[in-house]
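# Notes for the structure review
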Amino acid sequence: MPVPLLDVNAQNLPLEAELKAVFDSVLRSGRFILGEEVEAFERECAAALGAKHAISISSGTDALIVALMALDIGPGDEVLCPSFTFFATAGSIARTGATPVFCDVCPVCFGLDIDSAKAKLTPRTKAIVPVHLYGQSADMDSVMAFAKEHGLKVVEDVAQSFGATYKGRGCGTIGELGCFSFFPSKNLGGFGDGGLVTTEDDALAEKVLRLRNHGMHPRYYHSMVGGNFRMDALQCALLRVKLRHIKDYEAGRSRNANYYLSRISELPGVVQASEADCCCPAGQAARLAGARLVLPVAYRHNGHVWNQFTLRVPGEGRRDALKAHLTALGIGCEIYYPVPMHRQECFAKLPAHSLSDCPVSDLLASEVLSIPVFAELRQEQLDEVAGALASFLS
Ligand SMILES: *Cc1c(COP(=O)(O)O)cnc(C)c1O
């Protein structure tokens, strides 16, 4: 039985009648840019995330760019971010004219390793962009303490973690700004591109609002150079329908992740990563000695929302062997991400300290494999995936 990595129709088609009604309503309203639907979506996102301000933006990538622009990040500045992330984290920094400086990550939670960030600090460092990868928060206490000590601004990349929490606080509400994505594969998956910026700061919210619309205020008066970073009213209206179900989607992915964690952990050679090894590659390596498959771990103080369920497959060539095995059985899987940022061709000319010393990022890029965890997976599909992993390990 084929099992796709993600089936957006399984989530969207049950809402078909409601979505079509919303489309009709926006069509008849004749209002397609900003307006009531956009404002309602932003209010509902703010409430869902526990954020004071939520401002819809054209994409997750644009959300990062606007957030950095709101902090006046630009040429001459350095911005710390993890090397092991999706390109947009680093690309957005570069597009402001600032220099991305790549830090290593924790092999357990996949978040930014603050010791690596400390080693890369220079007098030009202005901000840090922790990424909450795969649905789990980065270690925000250490990020915030480090940022405070050195006067850095914090922009959280929450693209993969809508709804995730850290010690009871919503991811995206801890740093100066939070950046979310509604790309169809994200936790609140849209019908095209969309994004969101959150902040607790009234002045920053005002600035993001202005930057989103050409830096214009009042009409046709421009005190700053912004752009067109608006999200469509239609997209907002459609996503309001899905936002009402966000807790069900979260619960579905959690249920599937927990099923894997209990079912796969019984297989020979399988070890679960341990929170005790957080940011300690040596400790983790000792624990994993001889492991053939490493399961991810949700930290006790984190509300993990499982955008991805990501295995590590140690041993030369073993990850690619598992990928081939699953693919041959019709089971969707993907490598998020095969090339860390410090190895990307477009960044090859960055200063040496941007590109140095990211051994964990290199290791993860060679070991990770994400398997289907979307909320609508049926039990027989989960069994199929677990069975395929068993046959790989046997
Ligand atoms: C998806 C993603 C983005 C970019 O979001 P888009 O809406 O696709 O522009 C940024 N950062 C991370 C970590 C992502 O996964």
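Predicted, not measured: the structure shown is a model, and the values here were computed from it.

The rules behind these values
Residues numbered from 1 in each chain as written. Predicted model: local features only at pLDDT ≥ 70, side-chain atom pairs only at ≥ 80, totals over all residues. Heavy atoms only, no water. Helix = DSSP H or I, 4+ residues; strand = E, 2+ residues; numbered from the N terminus. Pairing = 2+ DSSP bridges. Buried < 20%, exposed > 50% of the residue type's maximum accessible area, 1.4 Å probe, protein only. Polar contact = N/O pair within 3.5 Å; in protein donor to acceptor, adjacent residues only side chain to side chain. Domains from an automatic or database assignment. Contact = heavy atoms within 4.5 Å. Buried area = accessible area lost by both parts, 1.4 Å probe. Salt bridge = Lys/Arg side-chain N within 4 Å of Asp/Glu carboxyl O. Nonpolar A, V, L, I, M, F, W, Y, C, P; charged D, E, K, R; others polar. Axes fitted to C-alpha atoms, helices over the stretch in contact; angles between N-to-C directions. Parallel < 35°, antiparallel > 145°, perpendicular 65-115°, else oblique. Left-handed = near helix turned anticlockwise from the far one by under 90°. Near = heavy atom within 4 Å. Areas by Shrake-Rupley, 256 points an atom, 1.4 Å probe, with all protein chains shown as cover. Disulfide = S-S within 2.5 Å.

## Examining the environment of A10
Along the polypeptide, A10 turns up in helix 1 (residues 8–12). Separated by 364 residues in the primary sequence, A10 and F374 have C-alpha atoms spaced 9.4 Å apart.

## Details of the sheet that holds strand 7 (residues 169–170)
Spatial strand order, 7-6-12: three strands in an open sheet with antiparallel pairing. On the outer flanks of this sheet lie strand 7 and strand 12 (302–303), each paired with one strand and no other. Two elements, strand 6 (residues 165–166) and strand 7, share two bridges in a ladder whose sense is antiparallel. Across the sheet, residue T165 finds its bridge partner in strand 7, namely G170.

## Things to note about the side chain of E250
As for its position among the elements, E250 is in helix 10 (residues 246–264). Judged by its relative accessible area of 14%, E250 falls in the buried class. A distance of 3.3 Å separates polar atoms of two side chains, one belonging to E250 and the other to K247.

## Some words on the domain arrangement of the chain
Looking at the assigned domains, one finds that the chain contains domain 1 (8–246) and domain 2 (247–393). Distance between the C-alpha centres of domain 1 and domain 2: 24 Å. The interface of domain 1 with domain 2 comprises 50 residues on the first partner and 49 residues on the second. Of the roughly 4000 Å² buried between domain 1 and domain 2, counting both surfaces, carbon and sulfur atoms make up 58%. Our count for the domain 1 to domain 2 interface comes out at zero salt bridges. Counting every contact that joins domain 1 to domain 2 gives 32 residue pairs in polar contact (both at pLDDT 80 or more). Secondary structure elements with two or more residues in the side of domain 1 that touches domain 2: helix 1, strand 2 (78–82), helix 5 (87–95), strand 3 (99–103) and strand 6. If you tally residues by element for the side of domain 1 that touches domain 2, the top one is strand 3, at five residues. The residue inventory of the side of domain 1 that touches domain 2, partitioned by class, reads 25 nonpolar, 18 polar and seven charged.

## Looking at the packing of helix 2 (residues 16–29) against helix 9 (residues 233–243)
Contact geometry of helix 2 with helix 9 gives a least axis separation of 9 Å together with a crossing angle of 150 degrees. Comparing the axis directions of helix 2 and helix 9 gives the class roughly antiparallel. Helix-helix and strand crossings are classified by hand; for helix 2 and helix 9 the assignment is right-handed. On helix 9, the residues touching E18, L19, V22, F23 and V26 of helix 2 are L234, A237, L238 and V241. When the residues that make up the contact of helix 2 with helix 9 are grouped by side-chain class, the tally is eight nonpolar, no polar and one charged.

## Comments concerning the environment of L188
Tracing the sequence through the fold places L188 in the loop between strand 8 (177–181) and strand 9 (195–199). A residue is classified by how much of its surface remains accessible, and L188, at 0% relative accessible area, is buried. A sequence separation of 28 residues divides L188 from Q160, and the C-alpha atoms of the two residues are 9.2 Å apart. Beyond its immediate stretch of four places on either side in the chain, L188 contacts F41, F162, S181, F182, F183, L239, K242, L243 and I246.

## Here we look at the site of the ligand
For the ligand, the set of nearby residues contains 17 residues, the closest of which are G60, T61, D157, S181 and K186. Here a nitrogen atom of the ligand sits 2.8 Å away from a polar atom, N or O, in the side chain of D157. For the ligand, whose free accessible area comes to 380 Å², the fraction covered by protein is 93%. Listing elements by their share of the shell around the ligand, those giving two or more residues are helix 4 (60–70) and helix 5. Top contributing element to the shell around the ligand by residue count: helix 4, with three residues. Among the residues forming the shell around the ligand, the class breakdown is seven nonpolar, eight polar and two charged.

## A look at the sheet that holds strand 9
An order of 1-9-8-5-4-2-3 is seen for the seven strands of this open sheet, with the pairing classed as mixed. Looking along the sheet, the strands with just one partner apiece sit at the ends: strand 1 (53–57) and strand 3. If you compare each strand with its neighbour and ignore which way they point, the axes differ by 25 degrees on average. Pairing between strand 2 and strand 4 (residues 125–128): three bridges, direction parallel. Directly across from L80, in strand 4, lies its bridge partner I128.

## Focus on the pairing of strand 13 (residues 309–312)
Judged by which residues are buried, strand 13 turns out to be covered on both faces: F309 and L311 on one side and T310 and R312 on the other are all buried. Bridge count for strand 13 against strand 14 (residues 368–371) is four bridges, and the pairing is antiparallel. Within strand 14, the position partnered with R312 by the bridge is V368.

## Things to note about the state of the cysteines
The tally for this structure, following the rule as stated, stands at zero disulfides. C81 takes part in no disulfide bond, and the closest cysteine sulfur, belonging to C103, lies 6.9 Å away. According to the relative accessible area criterion, C81 is buried, its value standing at 0%. Cysteine C179 is unpaired, with the sulfur of C81 as its nearest cysteine sulfur at 13 Å. Taking the relative accessible area as the measure of exposure, C179 reaches 1% and is therefore buried.

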